[in-house]
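# A structural walkthrough
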Amino acid sequence: MKPQARDSELQQNSARAFGVIKLTSFLLFCVFAITSVAQVASVTVSGVLADSKTKQPLPFVNVQLKTSPDSTFVSGTITDEHGRFTLKGIAAGNYVLQTSSIGYATMEQPVRVGNLSEFIELGVMELQEETASLSEIVVTGKRDAVAATLDKKTFSIDDNISQRGGSLLQAMQNLPGITLTDEGTLQLRGSDKVIVLIDGKQTALTGFGNQKGLDNIPASAIDKIEIINNPSSKYDANGNAGIINIVYKKEVKEGLNGKVGMAGGLGALWIKKQNYPTIRPQYQATPKINPSVSLNYRKRRLNIFFQADNLYTQTLNKNEFVDRYYDNGDIIRQQTRRNRNTNFLTIKSSFDFYLDDRNTLTVSGLFGSEKIIDHGEEPFFNGDFSERLRLWKFLEDELKTTATFLGNWQHRFAQPGRVFTLGYTYTFHRENEKYFFTNITTDFTGKDSFKLLSDEHVTDITADYVQPLKHGRFEVGAKFRKRYIPTNMRFFPGTNSPIDVNAGGWANYTEIIPAVYGNYVVETNRIEVEAGLRAEYVNIQYDVNPNHNTYKSDGYNYAKPFPNLRFAYKLNNRNTLSFFYTRRVDRPNEVDIRIFPKYDDAEIIKVGNPGLRPQFTHSFETGYKTNWSSGYWYSAVYHKETEGTIIRIASVVPGSPLIYNIFQNAGASESTGAEIVLAQDIGNRAKLSLNVNGYYNKIEAFSVVNKYPEENTYSSDDEEIWSGNVKVNGLFHLPGKTDLQVTSVYAAPDLVPQGKTYSRFYADLGLRKSIQKGKGELSFNATDVGNTLRIRKRVNGDGFHYVSTDYYETQVFRLGYTYKF
């Protein structure tokens, strides 16, 4: 097909998709919204009883909690020698607290248990010798059918049957609000500025300030995934799109228990698109093997946990076809084919020492080793394929090693829920990368190589204090981080080398961030308020070797506040209106400012920018949520305004066909959208859910100066697009203890710097069957069943434009078995 005809077809398809998205977005904006918030399953209610005259605590008083209005007994206890009582495992609802003691009048006090706090402190309540009316003590809330509290949504990996045995990235792409970018990173509501945590902490395994490694973490190691669209002040201020918290599996049952599993599969069973001539075959029938084991031993005051996973995969990691069109009439057609072998080993172990009833010491370690071997080839042809211009072959040999140590001391005061925690975390991450290139032209064959060594050292010290209140809680804390990354790039040029050997050498990144925060949560019968403030001082220094041909040492610092606010009004027990505001920052990560050109694509080259600065975002969200006995409706309308937007700019220098992709601060941008989640149980046999997310993205006109390899200016007019995605999920309970899950996803065209991505669609399915009296489980799943997923985009630059389509491996069939003991 000729380029003109292909562009015409793409424009027609885009117009149809644009019409659908406009209609969907209009409907979305007609509804209210609310952030979903993870549910507190049970609450501990505590307080102190004292004599009204002497003010002395009263021991051995009978305390009972009964439902209101039918007075059904729920829980009971007696006060200790300090007059304190504790009632555990209380569900949200309306209750009456009743006391009885010889010589004192019986007290009956209305109490409402809410869902914002796991601990409710009723304070000191005084008993009188005569009957007296005490002021009402109320903590509002309601047990919600949705597993959601505040701005957090929680999803169990075990419920994601269609991604069993795959990677964490594959398991997450089907979750509400999450999509994948063309570079394989996650987006929340159309933004890739997402912070990924492991057990509530940032680690080098998933990246500090960016995302990495998610495609190589086995999903079998994960218990659940938490999505936090509007983080409170207790979290780092980085990440305007929100936070994704990965919670590893861990048991605390008495005795020895555990789980073993094995999953295997094959991918790339059919070729999506044949290779261009003269290169080696692309991977087919690629094997996947994932053995896993988790063990837990609990005896009295000691709990030991161990988990190990190994994920071996062969994948057609990239199979991208790019057509480049230059204003002078030149056309270059290229293919990037990357056959990848990966082995990723993770080992996690922890020791919980219950020193006494009030103090717990936790020591844990995480080790990860990722070995990557890439066999890549890039043929370059002229427009009509009559001449091969060059063949660029490369071998990547990379070893990534991560080790994390965590020490944590927690002190629990006599008052339940009043906790002080002191933590220390150290992370080491080594990136040892070697590339070997063969550059074949009609005139010569050259051999080039480079070696990159990067060691990352991160130290975090944290202190957190939680004080339960009658109507909520108060949290304060502090954190100190030091991060140091020395990096060294060595180039070894061959004959007529195209590599820029003067852009190598050493560079050292240093990051110092002290921070303090305070967060206050309060509930009344109708109103919920959460307000917090985080203050951070940031000092970044990037030292560059003086022999670099373009970049010099650079850095920045700032001290800024980052407030958060949530206000909710409960219309009744089933309906709530809510409003959120947060201010957040996205700091450039070290790889974003790294001064070394990357040559895994020989003619579309990525380079960092030491002059890159943070972007700051104001986020607003409002919404509505309701639930009923067999389902729920959740919706959110949100708006974000960003200053200093970080994007990657593609540019060329005169007289060269090479394209350089460099990060820049483009100026102002905004995003406005709406999200809907609808879930419904169909009797006892099926659960259906629908997620619709529509948004409008705009990047205002800007002009930037690219310094590498030669100074050039790029200017752009306003760029905007209506986009969104739709996800439908069905879980069906079949006879014989068998479950079937079907998931389908449609993503509309979306905005990328200087262009857009085109629409994409795929469907996954999974089966699981319980065997061996519930201790064993068989599973089968297929991702991208129809083999329809491909990533297509168009980029427009000064003097050129290009269209790319990546036919990488997406279809995988897996079979797995797990056994619990």
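Residues numbered from 1 in each chain as written. Predicted model: local features only at pLDDT ≥ 70, side-chain atom pairs only at ≥ 80, totals over all residues. Heavy atoms only, no water.

### Here's the deal with the overall build of the protein
Condition: Note on conventions: DSSP H or I runs of at least 4 residues are helices, E runs of at least 2 residues are strands, and numbering of each starts at the N terminus. For every residue, the accessible area obtained with a 1.4 Å probe (protein chains only) is divided by the maximum for its type, and the residue is called buried under 20%, exposed over 50%, and partly exposed between those limits. In this analysis, two residues are considered to be in contact whenever any of their non-hydrogen atoms come within 4.5 Å of each other. Exposure was quantified through the Shrake-Rupley algorithm and a 1.4 Å probe, taking into account, for residues, occlusion by the shown protein chains and nothing else.
When helices and strands are counted, the protein shows 3 helices and 45 strands. Here the protein holds 821 residues, and 56% of them are scored as buried. Counting contacts in the protein only where the partners sit at least 6 residues apart, residues at least 24 apart contribute 69% of the total. Looking at the protein as shown, the accessible area adds up to about 33500 Å², and 56% of this sits on carbon and sulfur atoms.

### Observations regarding the pairing of strand β23 (residues 472–492)
Our working definition: Between any two strands, at least two bridges found by DSSP are needed for them to pair.
Strand direction decides the pairing type here: strand β22 (residues 445–469) and β23, joined by 19 bridges, are antiparallel. In the sheet register, H457 faces β23, and the bridge partner there is Y484. Where β22 folds back on β23, the antiparallel hairpin that results is connected by 2 residues. Here β23 pairs with strand β24 (residues 505–523) via 18 bridges, running antiparallel. Bridging from a neighbouring strand, G472 pairs with V522 of β24.

### Quick word on the nonpolar core
Worth spelling out the cut-off: Grouping buried Ala, Val, Leu, Ile, Met, Phe, Trp, Tyr and Cys residues that are joined through side-chain atoms within 4.5 Å yields what is termed a nonpolar core.
Ranked by size, the top nonpolar core spans 50 residues in total, and within it F437, Y599, I659 and Y708 carry the most contacts. The contact partners of Y708, leaving out residues within four places of it in the chain, are D500, A503, N549, T550, Y551, P597, Y599, V607, Y660 and I662. Residues I222, I225, I227 and Y248 belong to the second largest nonpolar core, which totals 25 residues.

### Remarks on unusual backbone geometry
Cis geometry is found at the peptide bond from Y708 to P709, where omega equals -5°. Mapped onto the fold, P709 is located in the loop between β35 (702–706) and β36 (712–716). With a phi close to 60°, F385 is a non-glycine residue in the positive phi region. Checked against the element boundaries, F385 lands in the loop between β19 (359–382) and β20 (388–412). A positive phi angle, close to 50°, is found at N496, a residue other than glycine. Within the secondary structure, N496 is located in the loop between β23 and β24.

### Observations regarding the sheet that holds strand β28 (residues 604–607)
Short version of the rule: For helices, the fitted axis covers only the stretch in contact; all axes are lines through C-alpha atoms, and the angles between them, taken along N-to-C directions, range from 0 to 180 degrees.
Taken in spatial order, the 3 strands make up an open sheet running β28-β32-β31, and their pairing is mixed. Each edge of the sheet is formed by a strand with only one pairing partner; in this case those strands are β28 and β31 (646–651). Between one strand and the next, the sheet's axes are offset by a mean angle of 30°, whatever the strand orientation. Judged from the 6 bridges that link them, β31 and strand β32 (residues 659–665) form a sheet pairing that is antiparallel.

### Considerations on the pattern of salt bridges
What counts, and what does not: Each salt bridge in this description consists of a side-chain nitrogen of Lys or Arg and a carboxyl oxygen of Asp or Glu lying within 4 Å of one another.
Applying the stated criterion to the full structure yields 39 salt bridges. Residue E377 pairs with R280 through a salt bridge whose shortest N-O separation is 3.1 Å. You can see E377 sitting in strand β19 and its partner R280 sitting in the loop between β15 (255–267) and β16 (286–299), a full 97 residues away along the chain. Under the relative-accessibility criterion, E377 is labelled buried at 2%. Taking the relative accessible area as the measure of exposure, R280 reaches 41% and is therefore partly exposed. Among the ionic pairs, E398 bridges to K400, the shortest N-O distance being 3.9 Å. Taking the relative accessible area as the measure of exposure, E398 reaches 5% and is therefore buried. Given the relative accessible area of 21%, K400 is considered partly exposed. Residues participating in the shared-partner salt-bridge network are D236, D460, K479, R481, R534, E536 and R587.

### Digging into the side chain of E433
Short version of the rule: Under this definition, polar contacts are N or O atom pairs within 3.5 Å; protein pairs additionally need one hydrogen-donor-capable and one acceptor-capable atom, and for neighbouring residues in sequence, both atoms have to be side-chain atoms.
With respect to the helices, strands and loops of the structure, E433 is situated in strand β21 (residues 419–440). Classification of E433 by relative accessible area gives buried; the value is 4%. One polar contact links E433 to K598, side chain to side chain, over a distance of 3.3 Å. Once residues lying within four places of it in the same chain are set aside, the contact partners of E433 are E396, D397, E398, F450, K451, L452 and K598.

### Examining a nonpolar patch on the surface
Selection criterion: Candidate patch residues must exceed 30% relative accessible area and have no salt bridge, after which like charges are joined if within 9 Å and Val, Leu, Ile, Met, Phe, Trp or Tyr side chains if within 5 Å.
A contiguous nonpolar surface patch, about 530 Å² in accessible area, is contributed by I527, L565, F567, Y569, L571, F579 and F620. With 3 residues, the top contributor of residues to the nonpolar patch is strand β26 (residues 554–570). Tracing the backbone shows I527 in strand β25 (residues 527–544).

### Some points on the side chain of T336
Turning to its location among the elements, T336 is positioned in strand β18 (residues 331–354). In this structure T336 comes out as buried when scored by relative accessible area, which is 1%. A polar atom in the side chain of T336 sits 2.5 Å from the side chain of E378. With sequence-adjacent residues up to four places away left out, T336 is seen in contact with K318, N319, E320, E377, E378 and D601.

### Remarks on the sheet that holds strand β1 (residues 43–51)
Strands sit in the order β4-β1-β7 across an open sheet of 3 strands; the sheet is mixed. Unpaired on one side and paired on the other, β4 (84–90) and β7 (119–127) mark the two borders of the sheet. The average undirected angle you get between the axes of adjacent strands in this sheet is 20°. Inspection of the sheet shows β1 paired to β4 by 5 bridges, in the antiparallel sense. Its bridge partner being in β4, G47 is matched across the sheet by F85.

### Structural notes on the environment of R280
Each C-alpha atom of the pair R280 and R337 lies 9.1 Å from the other, and the pair is 57 residues apart in sequence. Contact partners of R280, with chain neighbours within four places excluded, come to N275, R337, E377 and K393.

### Focus: the packing of aromatic side chains
Note the threshold: Pairing of aromatic rings covers Phe, Tyr and Trp, the last through its six-membered ring, and needs centres within 6.5 Å; plane angles under 30 degrees mean stacked, over 60 mean edge-to-face, and all others mean tilted.
With the rule as written, the count across this model stands at 26 aromatic pairs. Ring centres 5.9 Å apart and planes at 40° place the aromatic pair F437 and F450 in the tilted group. Separated by 13 residues along the polypeptide, F437 in strand β21 and F450 in strand β22 bring together distant segments of the chain. Per residue, the accessibility class of F437 equals that of F450, and both read buried. Here F450 and F491 contribute two aromatic rings whose centre-to-centre distance is 5.8 Å and whose plane-to-plane angle is 75°, an arrangement assigned as edge-to-face. Here F491 lies in strand β23 and F450 lies in strand β22, a separation of 41 residues in the sequence.

### A word on the pairing of β21
Bridge count for β20 against β21 is 22 bridges, and the pairing is antiparallel. Within β21, the position partnered with F394 by the bridge is F437. Counting the residues in the hairpin turn of β20 and β21 gives 6 residues, including G417, whose phi is positive at 90°. Pairing between β21 and β22: 22 bridges, direction antiparallel. When the bridges of β22 are listed, Y426 appears paired with T459. With antiparallel pairing between neighbouring strands as the criterion, β21 and β22 make up a hairpin whose turn holds 4 residues.

### With respect to the confidence of the model for the protein
Here is the rule we go by: Values of pLDDT, ranging from 0 to 100, describe the predictor's confidence in every residue of the model.
Of all residues in the protein, 90% have pLDDT values of 70 or greater, and the mean over the chain is 86. Counting interchain partners and residues more than four positions distant, the pLDDT-below-50 stretch residues 1–38 has 90 contacts. Low pLDDT, under 50, characterises residues 131–150; the predicted model gives this stretch 91 contacts beyond four residues in sequence or across chains.

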